[in-house]
Amino acid sequence: MKRNILLHPDPRLKKTADPVTDLTDDLRRLADDMLQTMYEAPGIGLAAPQVGILQRLIVLDCVKGESEKPRPLVMFNPEVIASSDETSVYEEGCLSIPDQFADVTRPAEVDVRWIDRDGREQTEHFTGLWATCAQHEIDHLDGKLFIDYLKPLKRQMITRKMVKLKRELARS
């Protein structure tokens with residue numbers, strides 16, 4: 001089932017999500033819903049707080065090529081356990097901040113640990129877009145948005161555009 005994505009500014013996007021303590025079928029269904037929502041948006045990552053659920057759950061799939069096989073990842077309680085000193089800059093966007101993009105500097109490589117949908121602990125080394133996406137989505141679980149990395153003026157400008165968009169959507 002496709003879920004509605006919260007738009008910034010929304011106070012729920014600034015809250016810290018709770019750890020998943022019991023991996024239930026409801027949470028697995030939520031993960032499936034989030035993948036469907038992410039693919040239809042279209043996007044490459046989505047965090048549970050973006051659909052109004054304050055649980056530590058993210059989904060991502062950074063495979064872009066039409067001929068490439070999708071690689072959906074479902075991560076419960078993901079955490080960055082190591083990151084490189086080397087950084088990279090990606091132009092980031094966010095499904096909760098549509099049509100707004102900005103360069104964000106993050107560690108170029110990260111090791112992430114999480115619980116998969118079967119309750120098994122996983123660890124993987126991510127580079128490139130995968131590393132950026134994983135960090136971006138984990139930030140959502142801590143109430144942090146990509147615009148929080150920007151200078152105040154740019155952040156305020158994007159927030160004003162989003163307030164205007166939300167007003168326009170409410171009227172239609």
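Structure: above.
A. Quick peek at the environment of Met157. Mapped onto the elements of the fold, Met157 is located in helix H3 (residues 152–171). Residue Met157 is classed as partly exposed on the basis of its relative accessible area of 34%. Along the chain, Met157 and His8 lie 149 residues apart, while their C-alpha atoms are 13 Å from each other.

B. The environment of Ala48, seen in detail. Along the chain, Ala48 falls in the loop between strand S1 (45–47) and strand S2 (57–60). Judged by its relative accessible area of 0%, Ala48 is buried. Setting aside residues no more than four positions away along its own chain, Ala48 makes contact with Met34, Ile53, Gln55 and Leu57.

C. Helix H1 (residues 25–40), seen in detail. The terminal C-alpha atoms of H1 lie 23 Å apart, and with 16 residues this matches the ideal 22 Å at 1.5 Å per residue to within 8%. Of all the positions in H1, only Leu27, Leu30, Ala31, Asp33, Met34, Leu35, Thr37 and Met38 are classed as buried. The inward-facing, buried residues of H1 abut S1, S2 and strand S3 (73–83).

D. Structural view of the pairing of strand S5 (residues 97–107). Examined bridge by bridge, strand S4 (residues 87–94) and S5 share seven bridges and lie antiparallel to one another. Opposite Glu91, over in S5, you have Asp103 as the bridge partner. Hairpin connection from S4 to S5: two residues lie between these consecutive antiparallel strands.

E. Summary view of unusual backbone geometry. A cis amide bond, omega -5°, links His8 with the succeeding residue Pro9. If you check the backbone angles, Asn77 has positive phi at about 55° while not being a glycine. For Asn77, the location among the structural elements is in strand S3. The phi torsion at Asp99 lies on the positive side, around 65°, for a residue other than glycine.

F. The pattern of salt bridges, seen in detail. Applying the stated criterion across every chain, the model contains 13 salt bridges. Close ionic contact of Arg113 with Glu79 constitutes a salt bridge, the shortest N to O distance being 3.1 Å. You can see Arg113 sitting in strand S6 (residues 109–115) and its partner Glu79 sitting in strand S3, a full 34 residues away along the chain. Overall, the relative accessible area of 37% leaves Glu79 in the partly exposed class. If you follow the salt bridges from partner to partner, you end up with Glu92, Arg106 and Asp139 in one network.

G. Structural detail: the layout of surface pockets. The volume enclosed by the largest pocket comes to roughly 680 Å³. Lining the largest pocket are 31 residues, with Pro42, Gly43, Ile44, Gly93 and Leu95 sitting closest to its centre. Elements represented by at least two residues in the lining of the largest pocket include exactly H1, S4, S5 and helix H2 (128–141). Counted by class, the lining of the largest pocket contains 14 nonpolar, nine polar and eight charged residues.

H. Main features of the pairing of S3. Across four bridges, the pairing between S2 and S3 is antiparallel. The residue of S3 that forms the bridge with Val59 is Val74. Here S3 pairs with S6 via five bridges, running antiparallel. Each residue of the ladder has a partner; that of Glu79, found in S6, is Arg113.

I. Just the nonpolar core, in detail. With 17 residues, the main nonpolar core has Ile58, Leu60, Leu73, Met75, Val112 and Phe126 as its most contacted residues. For this core, the elements supplying multiple residues, two or more each, are S2, S3, S6 and H2. Of the residues forming this core, the biggest block, six residues, is contributed by H2. Setting aside anything within four residues of it in sequence, one finds Met75 in contact with Arg56, Leu57, Ile58, Leu60, Val112, Trp114, Ile115 and Phe126. Counting 14 residues, the second-largest nonpolar core is a separate cluster that includes Ala31, Met34, Leu35 and Met38.

The rules behind the values
Residue numbering note: each chain is counted from 1, following its sequence as written. Selection of residues for local features in this predicted model requires a pLDDT of at least 70, selection of side-chain atom pairs for listing and counting requires 80 or more, and totals for whole chains, interfaces and linings are taken over all residues. In computing side-chain values, all of the structure's heavy atoms are included and hydrogens and water are not. Labels follow the DSSP assignment, with helices taken as runs of H or I lasting at least four residues and strands as runs of E lasting at least two, numbered in each case from the N terminus. For every residue, the accessible area (1.4 Å probe, protein chains only) is compared with the maximum for its type, and the residue is labelled buried under 20%, exposed over 50%, or partly exposed between those bounds. Contact criterion: two residues are considered in contact whenever any of their non-hydrogen atoms come within 4.5 Å of each other. Here, expected helix span is obtained from the residue count minus one, scaled by 1.5 Å. The pairing criterion is simple: DSSP has to find at least two bridges between the two strands. By convention in these notes, a salt bridge is any Lys or Arg side-chain nitrogen within 4 Å of a carboxyl oxygen on Asp or Glu. Both site types are read off a 1 Å grid over the protein atoms alone. A 1.4 Å probe that fits but cannot get out defines a cavity, while an open set with protein on both sides within 12 Å along at least five of seven lines defines a pocket; lining residues have an atom within 4 Å of a point. Grid points are joined across faces, edges and corners, and a volume is the space filled by probe spheres set on the points. Side-chain classes are defined by residue name, with Ala, Val, Leu, Ile, Met, Phe, Trp, Tyr, Cys and Pro counting as nonpolar, Asp, Glu, Lys and Arg as charged, and the others, Gly among them, as polar. Buried residues of nine kinds, namely Ala, Val, Leu, Ile, Met, Phe, Trp, Tyr and Cys, make up a nonpolar core once their side-chain atoms join them within 4.5 Å.

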